[in-house]
Amino acid sequence: MSPTVIDELVRANNEYAESFRDPGMDARPVRKVAVVACMDARIDLHAALGLELGDCHTIRNAGGVITDDVIRSLTISQRALGTESVVLIHHTGCGLQVLTEDFRTELEREVGQKPSWSVESFTDVDQDVRQSMARVRTSPFLLHTEDVRGFVFDVTTGLLREVDGSEAPRDAGT
């Protein structure tokens, strides 16, 4: 049987571990920032933001949207580990821009059970960033909601474009 991609990853980890040295870091991010971004494989967040190991907490999901689980992670990040700022990063050409909530219906038909989660699809990336900012800013669980900024990462240029969060989103509910 030929090696799987997971076998290759485990082999790479063994090589990594041979020269690994404990950096002696605390779990608290040095720069007191949490970054929420899409899981898109084209985005190297640390490189794009000039971050080093230990600088931030990174939370990624499909679309980089603020879901209940992201609020959970941000709450732990802030209340237990000292982060104070939140950066939200969506991107151009996101796969969620072509999906719809019908995806859930199709899954239910296929597997016989409706997913408990929402797809969180969108057509307007700026609007979705505004919605995500509003969800963070209005969460009762988060201590620090003043320094929340949202951006769109252009996957063809590598540049961030800031989204004005003062404009009210059409739907800020979770």
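Up top is the structure these notes are about.
Notes on the structure in this doc start here.

Each helix and strand in the protein was counted, giving 5 helices and 5 strands. Beginning at the N terminus, the succession of helices and strands in the protein can be written as α-β-α-β-α-β-α-α-β-β. Projected onto the principal axes, the alpha-carbon positions of the protein cover approximately 50 × 45 × 35 Å. Burial analysis of the protein (174 residues in total) assigns 36% to the buried set. Sequence-distant contacts, at least 24 apart, represent 65% of the contacts inside the protein between residues at least 6 apart. Summed over its atoms, the accessible surface of the protein is roughly 10,700 Å², and 52% of this surface lies on carbon and sulfur atoms. In the protein, 18 positive and 29 negative side-chain charges are present, and the distance between their average locations comes to 3 Å.

Turning our eyes to something else, we now look at a nonpolar patch on the surface. Together, Val-5, Ile-6, Leu-9 and Val-10 line one region of the surface with nonpolar side chains, adding up to about 400 Å² of accessible area. Looking at the element boundaries, Val-5 is found in helix α1 (residues 5-19). Residue classification places Val-5 among the exposed positions, given a relative accessible area of 54%.

Judged by pairing direction, the sheet is mixed, and its 5 strands sit side by side in the order β2-β1-β3-β4-β5 without closing on themselves. Every interior strand has two partners, whereas the edge strands, β2 (56-61) and β5 (160-163), have only one. The sheet shows a mean angle of 25 degrees between the axes of neighbouring strands, direction not considered. Where strand β3 (residues 85-91) meets strand β4 (residues 148-153), 6 bridges bridge the pair, whose relative direction is parallel. Its bridge partner lying in β4, His-90 is registered against Val-152. Its contacts with the sheet place helix α3 (residues 68-79) against β1 (33-38), β2 and β3, and it is angled at close to 175 degrees to β2.

We now examine the packing of aromatic side chains. Taken as a whole and judged by the stated rule, the model has 1 aromatic pair. Aromatic pair Tyr-16 and Phe-20: ring centres 5.4 Å apart, planes at 45 degrees, arrangement tilted. The partly exposed category is assigned to Phe-20, whose relative accessible area is 38%.

Nonpolar side chains tend toward joint burial in soluble globular proteins. Val-36, Ile-66, Leu-74, Val-86, Leu-88 and Val-136 are the most contacted members of the largest nonpolar core, which has 22 residues in total. Within the residue set of this core, elements represented by two or more residues are β1, α3, β3, α5 (125-137) and β4. The greatest single-element share of this core, amounting to 4 residues, is contributed by α5. With sequence-adjacent residues up to four places away left out, Leu-88 is seen in contact with Val-36, Ile-66, Val-129, Ser-132, Met-133, Val-136, Val-148, Arg-149, Gly-150 and Phe-151. If you look at the next biggest cluster of nonpolar residues, it comprises 11 residues, including Val-33, Val-35, Cys-56 and Val-87.

A separate point is the environment of Ala-134. Note that Ala-134 resides in helix α5. Each C-alpha atom of the pair Ala-134 and Ile-66 lies 9.3 Å from the other, and the pair is 68 residues apart in sequence.

With that settled, consider the pairing of β1. Buried residues dominate β1, accounting for 6 of its 6 residues. Across 5 bridges, the pairing between β1 and β3 is parallel. Paired with Val-36 across the bridge in β3 is Leu-88.

Cut-offs and rules
- Residues numbered from 1 in each chain as written.
- Predicted model: local features only at pLDDT ≥ 70, side-chain atom pairs only at ≥ 80, totals over all residues.
- Heavy atoms only, no water.
- Helix = DSSP H or I, 4+ residues; strand = E, 2+ residues; numbered from the N terminus.
- Buried < 20%, exposed > 50% of the residue type's maximum accessible area, 1.4 Å probe, protein only.
- Contact = heavy atoms within 4.5 Å.
- Areas by Shrake-Rupley, 256 points an atom, 1.4 Å probe, with all protein chains shown as cover.
- Lys, Arg positive; Asp, Glu negative; His and termini not counted.
- Charge placed at Lys NZ, Arg CZ, Asp CG, Glu CD.
- Patch = residues over 30% accessible without salt bridge, like charges linked within 9 Å, V, L, I, M, F, W, Y side chains within 5 Å.
- Salt bridge = Lys/Arg side-chain N within 4 Å of Asp/Glu carboxyl O.
- Pairing = 2+ DSSP bridges.
- Axes fitted to C-alpha atoms, helices over the stretch in contact; angles between N-to-C directions.
- Phe/Tyr/Trp six-rings, centres within 6.5 Å; stacked < 30°, edge-to-face > 60°.
- Core = buried A, V, L, I, M, F, W, Y, C linked by side-chain atoms within 4.5 Å.

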